[in-house]
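# Structural overview
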Amino acid sequence: MNTTANGTVLAGAEKEQPHRGGMTRSSVTPNNRFLYQTISAFATLVQYRDAYTSGHQQNVSDLARSIATELGLSRNQIEGVRIAGTLHDIGKIAVPMAILAKAGQLSGEEFNLIKTHSQVGHDILKGVDFPWPVAEAILQHHERPDGSGYPRALEGEAVILEARILGAADTVDAMASHRPYRPAKGIKHALRELDVGAGLHYDHAVVKACRYLFMEKGYKLLNSNATI
Ligand SMILES: [Fe+2]
């Protein structure tokens, strides 16, 4: 098995099922082995720099993959969502730790710096010829269906489904986690936030799938003690 620092990144590469419309997993070819190893290296880079973001990326990756599965996406799309989740905040390496870990309220200037991370993540990965829209999903993961997101204020389905899934999964894990500036708010609070924002900040179908996972299927975030 191709293991990684966190033991999760390469798990998908070993399965034997075919993807629809993309890579096949009937064998791990040298090329896609390098691909998964490179993804793992990027994830490890984040782990050395910022343990919170590393754990957050793993949690978002797993929840986003589960939502994509619940929505009935193809195996290939599910894998793309999983990989985009694994790397979605990689652009935070360009944000000073003093800002990422700040306990007090962020100034407007500091928040604007944090907001650059989706563009930076895109720019880091845009030259990688992934068989999935990884760089675009990362660029769009803070876009919102009502146009209130960033960096381009895209609306509705102009936000690709992969990014809409990441946006909801990102919110759930962020709210369920303790942050330097606030205590954890918990899963119930996060699911309520998704419900209130359904159709505005979050895709209706994605919200429904996410709620179903936690409430009916007993889903739990990977690196978290958060319970319903
Ligand atoms: Fe983000």
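Quick caveat: nothing in here was measured; it's all calculated off a predicted structure. What you see as residue numbers is a count from 1 along each chain, following the sequence as written. For a predicted model such as this one, the threshold for reporting local features is a pLDDT of at least 70, and the threshold for listing and counting side-chain atom pairs is 80 or more; totals across whole chains, interfaces and linings nevertheless cover every residue.

## Things to note about the confidence of the model for the protein
Quick note on the threshold: Values of pLDDT, ranging from 0 to 100, describe the predictor's confidence in every residue of the model. By the criterion used throughout, residues are in contact when their C-beta atoms, derived from the backbone, lie within 7 Å.
Summing up the model confidence of the protein, the mean pLDDT is 88 and the portion of residues at 70 or higher is 87%. Counted against residues more than four places away or in other chains, residues 1-27, with its pLDDT under 50, gives 53 contacts.

## Topic: helix 9 (residues 187-197)
What counts here: In this scheme every C-beta is placed from the backbone, and a residue whose C-beta has 20 or more other C-beta atoms within 10 Å is buried, one with 12 or fewer is exposed, and one in between is partly exposed. Each helix is a run of DSSP H or I of at least 4 residues and each strand a run of E of at least 2, with the numbering of both proceeding from the N terminus. Directions are taken from the helix axis to each C-beta atom, and the arc is the one they span.
Every buried residue of helix 9 is accounted for by Ile187, Ala190, Leu191 and Leu194. One face of helix 9 carries all of its buried residues, which in axial projection span an arc of 95 degrees. On its buried face, helix 9 is in contact with helix 8 (161-176) and helix 10 (204-216). Count one or two residues on from helix 9 and you reach Gly199, which has phi positive near 85 degrees.

## Brief notes about the packing of helix 8 against helix 10
So the rule is basically this: Angular values range over 0 to 180 degrees, each being the angle between N-to-C directions of two axes fitted as lines to C-alpha atoms, with helices fitted over their stretch in contact. By definition in this entry, angles of less than 35 degrees are roughly parallel, angles greater than 145 are roughly antiparallel, angles of 65 to 115 are roughly perpendicular, and the rest are oblique. Crossing handedness is defined as follows: a turn of the near helix away from the far one that is anticlockwise and smaller than a right angle gives a left-handed crossing, while the clockwise case is right-handed. The residue classification treats Ala, Val, Leu, Ile, Met, Phe, Trp, Tyr, Cys and Pro as nonpolar and Asp, Glu, Lys and Arg as charged. All others, Gly included, are polar.
At a closest axis distance of 9 Å, the pairing of helix 8 and helix 10 adopts a crossing angle of 45 degrees. On the basis of their axis angle, the class for helix 8 and helix 10 is oblique. Helix-helix and strand crossings are classified by hand; for helix 8 and helix 10 the assignment is right-handed. Here Arg164, Ile165, Ala168 and Val172 of helix 8 lie close against helix 10, whose contacting residues are Val206, Val207 and Cys210. Considering only residue class, the contact of helix 8 with helix 10 consists of 6 nonpolar, no polar and 1 charged.

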